[in-house]
Amino acid sequence: MDLLQQVAAATAWLQALSFEQPRVGVVLGTGLGELTSHIKIAHSIPYNQIPHFPESTVESHKGQLILGHIGKTPVVAMQGRFHYYEGYTMQQITFPIRVMKALGVEQLLLSNAAGGMNPSFKKGDLILLEDHINMQPENPLRGLNSSAFGPRFPDMSRPYDPLLGQKLHVAADAQGVVLKSGIYVSVMGPNLETRAEYRFLRMAGADLVGMSTVPEVIVANQLKLPCAAVSVVTDECDPDNLHPVSIEEIIAVAATADKKLSNIFAAVVAEL
Ligand code: HPA
């Protein structure tokens, strides 16, 4: 079965559950599951039950697809995503984005935990991605030579939808939450960076570093699916004063910002 047939099979399987066609897709990153408390849940389906979905291997990720409503807006949310460092192919980790599009999703919001390299970013800050640098070693579009997937050479001049970003800023302002902006560089991981690597990535023009999001955003752009992404700064990556950091700390810091982030996402989604 080729990728398009797999997408069709997963989509048909999900559509056989009865629910209103989702209009908004959400991908929730490491330690960032609180949005689900805003969803009136119709179905929550472990990934391993959905045909052709990879199975999440990261303990901090719940690994389920949630169908339901935020306000009147029908949504599909990924509680936990797939990462390249887990051993999947790029096409596997972006598979759910193609399924969301096939289900009828028109806009996509993503979140992630990221290291803050811009010295003005502090632990727990929320940062709207204004652009990205892709330093992952593989590309989810490699080998997809049929126009059925979308354009062969997708334009990336505006990978993040300015209107969605504007809506996130308005929602943050209304809730008295500071939403900063920054450029995200995506690396393979799973190790964190050395001091020399943080220096290098900062010099390259990035404000944040993480191990996700960019592959999904590339596929969303190929599918012409407008998207926006928000990072939670979970560690301060100052190469001149770098402290050891563990995944447990990263998850704990993400949890402290999860409510703020989820309130903003929920407010935006309810208005879409
Ligand atoms: N580097 C890479 N990925 C991350 C980091 C980091 O410092 N923090 C959270 N995810």
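Here the structure is a predicted model, which means the values were calculated and not measured.

Undergrad: Just to check I follow, could you spell out the overall build of the protein chain for this structure?
TA: The helix and strand inventory of the protein chain stands at seven helices and nine strands. Scored against the burial criterion, the 272 residues of the protein chain give a buried share of 54%. Counted over contacts in the protein chain with a minimum sequence separation of 6, partners at least 24 positions apart contribute 83%. Within the structure as shown, the protein chain displays about 11,800 Å² of accessible surface, and the carbon and sulfur contribution to it stands at 52%. One finds the centroid of the 20 positive side-chain charges in the protein chain at a distance of 4 Å from the centroid of its 26 negative side-chain charges.

Undergrad: Is there a simple way to explain the pattern of salt bridges in this structure?
TA: A side chain of one charge can pair with a side chain of the opposite charge if their charged atoms are brought near each other. Inspection of the entire model under this criterion finds five salt bridges. One salt bridge in this structure joins R199 and D240, with 3.1 Å as the shortest N-O distance. In this pair, R199 is assigned in helix 5 (residues 195-203) and D240 in the loop between strand 9 (227-236) and helix 7 (247-271), connecting sequence segments 41 residues apart. Notably, a salt bridge pairs D207 with R202, separated by 3.1 Å at the nearest N-O pair. Its relative accessible area of 10% is what places D207 among the buried residues. On the basis of relative accessibility, which here comes to 32%, the residue R202 falls in the partly exposed class.

Undergrad: What's the story with the side chain of N118 in this structure? I'm lost.
TA: Of note, N118 is situated in the loop between strand 5 (107-116) and strand 6 (126-134). Residue N118 is classed as buried on the basis of its relative accessible area of 16%. Side chain to side chain, N118 and D207 meet in a polar contact 3.0 Å long.

Undergrad: Just to check I follow, could you spell out the pairing of strand 5 for this structure?
TA: The buried fraction of strand 5 is high, at 10 of 10 residues. Direction of pairing for strand 1 (residues 24-28) relative to strand 5: parallel, over a ladder of four bridges. From the neighbouring strand, V27 faces strand 5, where its bridge partner is L110. Two elements, strand 5 and strand 9, share nine bridges in a ladder whose sense is parallel. Across the sheet, the residue bridging to A113 is V232, located in strand 9.

Undergrad: What exactly am I supposed to notice about the nonpolar core here?
TA: A general trend in soluble globular proteins is that nonpolar side chains are found buried together. Core analysis: the largest hydrophobic core is formed by 46 residues, its most contacted members being I50, F53, L65, I97, V99, L108 and L208. F53 has contacts with Y47, L65, F82, F95, P96 and V99, leaving out every residue within four places of it along the chain. Counting 31 residues, the second-largest nonpolar core is a separate cluster that includes I66, L179, A254 and A266.

Undergrad: I tried to follow the site of the ligand on my own but got confused; where do I start?
TA: As a structural note, the neighbourhood of the ligand is formed by 13 residues, with G115, E193, Y198, T234 and D235 the closest of them. In this structure, G115 approaches the ligand through a main-chain N or O atom, which is 3.2 Å from a nitrogen atom. At 2.7 Å, a side-chain N or O of Y198 approaches an oxygen atom of the ligand. Expressed as a share of its isolated accessible area of 260 Å², the protein-covered part of the ligand is 96%. Broken down by element, the residue count for the shell around the ligand peaks at three residues, all from strand 5. Here the residues of the shell around the ligand are counted per class, giving eight nonpolar, three polar and two charged.

Undergrad: Explain the side chain of Q222 here, please?
TA: Relative to the assigned elements, Q222 resides in helix 6 (residues 214-222). The class of Q222 is buried, set by a relative accessible area of 3%. In this view, Q222 contacts R98, L141, L144, F149, G150, P151 and P154; residues no more than four positions away in its chain are not counted.

Undergrad: Got a minute to help me understand helix 6 in this structure?
TA: An α-helical turn contains 3.6 residues, so any two residues separated by three or four positions project in the same direction. Where burial is concerned, most of helix 6 is hidden: nine out of the nine residues are buried. Looking only at helix 6, the buried set comprises V214, P215, E216, V217, I218, V219, A220, N221 and Q222. Within two residues after helix 6, K224 carries a phi angle of roughly 55°, on the positive side.

How each quantity is defined
- Residues numbered from 1 in each chain as written.
- Predicted model: local features only at pLDDT ≥ 70, side-chain atom pairs only at ≥ 80, totals over all residues.
- Heavy atoms only, no water.
- Helix = DSSP H or I, 4+ residues; strand = E, 2+ residues; numbered from the N terminus.
- Buried < 20%, exposed > 50% of the residue type's maximum accessible area, 1.4 Å probe, protein only.
- Contact = heavy atoms within 4.5 Å.
- Areas by Shrake-Rupley, 256 points an atom, 1.4 Å probe, with all protein chains shown as cover.
- Lys, Arg positive; Asp, Glu negative; His and termini not counted.
- Charge placed at Lys NZ, Arg CZ, Asp CG, Glu CD.
- Salt bridge = Lys/Arg side-chain N within 4 Å of Asp/Glu carboxyl O.
- Polar contact = N/O pair within 3.5 Å; in protein donor to acceptor, adjacent residues only side chain to side chain.
- Pairing = 2+ DSSP bridges.
- Core = buried A, V, L, I, M, F, W, Y, C linked by side-chain atoms within 4.5 Å.
- Near = heavy atom within 4 Å.
- Nonpolar A, V, L, I, M, F, W, Y, C, P; charged D, E, K, R; others polar.

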